[in-house]
Amino acid sequence: MVSSTILKRLEIKHKDGEENPSAWVNRDIVPLPPSRRTWGAWSFVGYWVLTGFNISGWTTASSLLGLGLSVWQAMVSVIIGNLIVAVAVVATGFVGAEWHVGFPIYNRFTWGVFGSFFPLMMRIMLSIVWYGVQLVFGGRSLKVVIGAIWPSFYTLKNTLPGSAGIETNDLVAILIFAFISLPLLAVPPEHFRKPFLFGSVIMTIMVFVFFIWALVTQGGGGPLLDDPSALSGVDPITNSTRLGWAIAYGISSTIGGICAGILNQSDYTRFASYPRAQIVSQLVIVPVSSVIIAVIGLIVTSCAAGLYPEEGLLWEPYELLEVIQRNGGSRSRVACFFAGCVFVMSQFGINIPGNAISGGIDMSGLLPKYLNIKRGAVVTALLGLAICPWKLLGGSSTFLTVLSSFAVFLGPLTGVMVSDYLVIRKSKLRLTHLYMPNPNSIYYFTSGVNFRAVVSWVFGVWPLMPGFINAVSPSPIGVAQGWTYMYDLAWPLGFVLSAVVHIALSKAFPPTGLGEVDDEDVFGTFTELPGGVYDHGAGASESGSVDVKDAKVAVM
């Protein structure tokens, strides 16, 4: 009795005080009405500049030079990889832009209403982990800001034991960054348009100022551009076969770094004010912003190697800013303060929408009766801090390898999603049936699971597993070279294999209801209904039965 009362109080309420009548729908996962679709083409530009001009993008080239690639070979990998990313985010974004539903609903027609929980849980887990990782980067950037004001913060006495995996000043900075992130979680995604544009302008100006300063102060591009192997300690690749596969791996790893964002792009394109808003803007800005920040990060690091040769390669910008403060005067502290503030802003830009809000959207699809975007974002943020991400980053190279190799699982997942919507369904959906957890829905398939998606995903994953296991094992397990080559192509190969198998299975065993759409705009998706009330038509009642007359949900 007590537990049921608590659960009742935790249910999502509407503005008029009515409780959400369904465990399968709430305001944040229904198709968005026109009033909430506020993102134009420039909003997507701002989004990708903020999510591209950040610390992770800045350090893109470091791992590629570590493979033995030259600077131009690394940049070829980055350029090709990001061109593929641009096409992929547009492809996964079509559902959101055209039908205004996000990733949780996307998977209901692809995997089935119950099968959709599998990719949803995978994406939520990634949101939590990546939120924690970006918290650390944000905290280190904030440490620069605090240190510019109070230099003694850098030498603050460490009161933590070695087992903590972090020193006191770093922990304080991370906790402050996490705390000031919390109010931002309450901002609805439809209100991100102006912050995106403002943040992208400020970030672009700062990055280019930093770039010009490095070039002028060093008097050129720095020693890393002339002889990367001398500084990285990795011999250049001379064998043409090995070089080709190293570039292929560089392309795949470039895609892998953003593959989680590719997967749930519909969570953001659903806010597009018109379907085409996401297409040209993303096709252009995704590769341009990613390549620019990778080039600037590489050149600034190279210049820093010439300016501060005793410090080694300073790939992370917050490390470089700390060194500049130590070796400069008051003017350097002022410059580092403003630069640190902008990098803090960039971490808000990637972590709030890209991880916290993303996790919130997906959690609202997992438990729509109890979680909306705001609540889900808070849960994501708290769990991201609770996993102590600094220990993961500082102590386990295996963890980092697994995280960066998750493209093995997400490439096939994306292939299934894109092929299902664009090829099998030819962009036709019956929205009302996406919210019906019973056999009356054309997306119920077999006991709520689409076996075609399951089989297709497995076919895309299994050829990559031997190379993946070999990569994450503490010591090599001795797999044949062919398996390693397949792993080097993880995301593209997995995408193609799963897409082809899914198309073949769907042609051999056609799903029911292909080409069906609703006769009426029952959600007010394209013509918002008066009073903010959405008629769900053949929606699901609390018991899961279909009730056309009574299936109305008042939204907040």
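These remarks concern the structure in this document. (Residues numbered from 1 in each chain as written. Predicted model: local features only at pLDDT ≥ 70, side-chain atom pairs only at ≥ 80, totals over all residues. Heavy atoms only, no water.)

## A look at the overall build of the protein chain
The condition that has to hold: Here a strand is any run of E in DSSP of at least two residues, a helix any run of H or I of at least four, and the numbering for each starts at the N terminus. Residue contacts follow a heavy-atom distance rule, with two residues in contact if any of their heavy atoms lie within 4.5 Å. Accessible surface area values rest on a Shrake-Rupley calculation with a 1.4 Å probe, where residue burial reflects the displayed protein chains alone.
Summing up its helical and strand segments, the protein chain has 25 helices and two strands in all. Restricting the contact set of the protein chain to residue pairs at least 6 apart, pairs at least 24 apart contribute 80%. Total accessible area computed for the protein chain in this model is approximately 22,200 Å², and 67% of it derives from carbon and sulfur atoms.

## Focus: unusual backbone geometry
Stated precisely, the cut-off is as follows: Whether a residue is buried, partly exposed or exposed follows from its accessible area with a 1.4 Å probe, protein chains only, as a fraction of its type maximum: under 20%, in between, or over 50%, in that order.
Of note in the backbone geometry, His100 takes a positive phi value of approximately 60° without being a glycine. Inspection of the secondary structure assignment puts His100 in the loop between helix H5 (71-99) and helix H6 (103-111). Under the relative-accessibility criterion, His100 is labelled buried at 3%.

## Brief notes about the packing of helix H21 (residues 407-424) against helix H22 (residues 451-461)
How we decide: With axes taken as lines fitted to C-alpha atoms, and helix axes fitted only over the stretch in contact, angles between N-to-C directions fall between 0 and 180 degrees. Any angle that is under 35 degrees is reported as roughly parallel, and any over 145 degrees as roughly antiparallel; angles of 65 to 115 degrees are reported as roughly perpendicular and all others as oblique. By convention the crossing between two helices is left-handed if the near helix lies anticlockwise of the far one by an angle smaller than a right angle, and right-handed if it lies clockwise. Following the grouping adopted for this structure description, the nonpolar residues are Ala, Val, Leu, Ile, Met, Phe, Trp, Tyr, Cys and Pro, the charged ones are Asp, Glu, Lys and Arg, and the polar ones are all others, Gly among them.
Between H21 and H22, the least distance of the axes is 9 Å, while the angle of their chain directions is 140°. Relative to H22, H21 is oriented oblique. In the crossing of H21 with H22, the sense of the turn from one axis to the other is right-handed. Facing H21, whose interface residues are Val408, Phe409, Pro412, Leu413 and Val416, H22 presents Ala453, Ser456, Trp457, Gly460 and Val461. The class makeup of the residues in the contact of H21 with H22 is eight nonpolar, two polar and no charged.

## Quick word on helix H15 (residues 279-307)
Defined as follows: One less than the residue count of a helix, multiplied by 1.5 Å, gives the span that helix is expected to have. One axis fitted to the seven residues ending at a residue, another fitted to the seven starting there: the angle between these axes is the bend at that residue.
An ideal rise of 1.5 Å per residue puts 42 Å on 29 residues; H15 measures up with 42 Å between its terminal C-alpha atoms. The largest bend along H15 reaches roughly 25° and is located at Ile285, with the proline Pro287 sitting one to four residues downstream.

## Re helix H9 (residues 193-218)
Taking 1.5 Å per residue, 26 residues should reach 38 Å; H9 reaches 38 Å between its end C-alpha atoms and fits that length. Among all positions in H9, only Phe196, Gly199, Ser200, Met203, Met206, Val207, Phe210, Phe211 and Ala214 are buried. The inward-facing, buried residues of H9 abut helix H2 (41-52), helix H3 (55-58), H15, helix H16 (317-327) and helix H17 (330-366). Once H9 finishes, Gly219 follows within two positions and takes phi at roughly 80°, a positive value.

## Observations regarding the nonpolar core
It is characteristic of soluble globular proteins that their nonpolar side chains tend to be buried jointly. Test applied: Only buried residues count toward a nonpolar core, which is a set of Ala, Val, Leu, Ile, Met, Phe, Trp, Tyr and Cys residues joined through side-chain atoms within 4.5 Å.
One finds Phe210 and Leu410 to be the most contacted residues of the largest nonpolar core, which totals 140 residues. With 14 residues, the single largest contributor to this core is helix H7 (residues 117-149). Contacts of Phe210, omitting those with residues within four sequence positions, involve Trp58, Val300, Leu320, Leu321, Ile324 and Phe343. Core analysis: the second largest hydrophobic core is formed by six residues, Val136, Ala164, Leu171 and Ile174 among them.

## Observations concerning the packing of aromatic side chains
Counted only if it meets this: Pairing of aromatic side chains here covers Phe, Tyr and the six-membered ring of Trp, requires ring centres within 6.5 Å, and sorts the geometry by plane angle: under 30 degrees stacked, over 60 edge-to-face, intermediate tilted.
Enumeration over the complete set of coordinates arrives at 28 aromatic pairs. For the ring pair Trp99 and Phe526, a centre distance of 6.1 Å and an interplane angle of 75° mean the geometry is edge-to-face. With Trp99 in helix H5 and Phe526 in the loop between helix H25 (490-508) and strand E1 (533-535), the pair connects residues that are 427 residues apart, well separated along the chain. Measuring from centroid to centroid gives 5.1 Å for Phe118 and Trp457, while their planes differ by 75°, and the two rings are edge-to-face. Linking Phe118 in helix H7 with Trp457 in helix H22, this pair joins segments that are 339 residues apart in sequence. Phe118 gets classed as partly exposed once you look at its relative accessible area, which sits at 34%. Under the relative-accessibility criterion, Trp457 is labelled buried at 14%. Grouping aromatic residues by their ring pairs yields a cluster made of Trp39, Phe44, Tyr47, Trp48, Tyr268 and Phe271.

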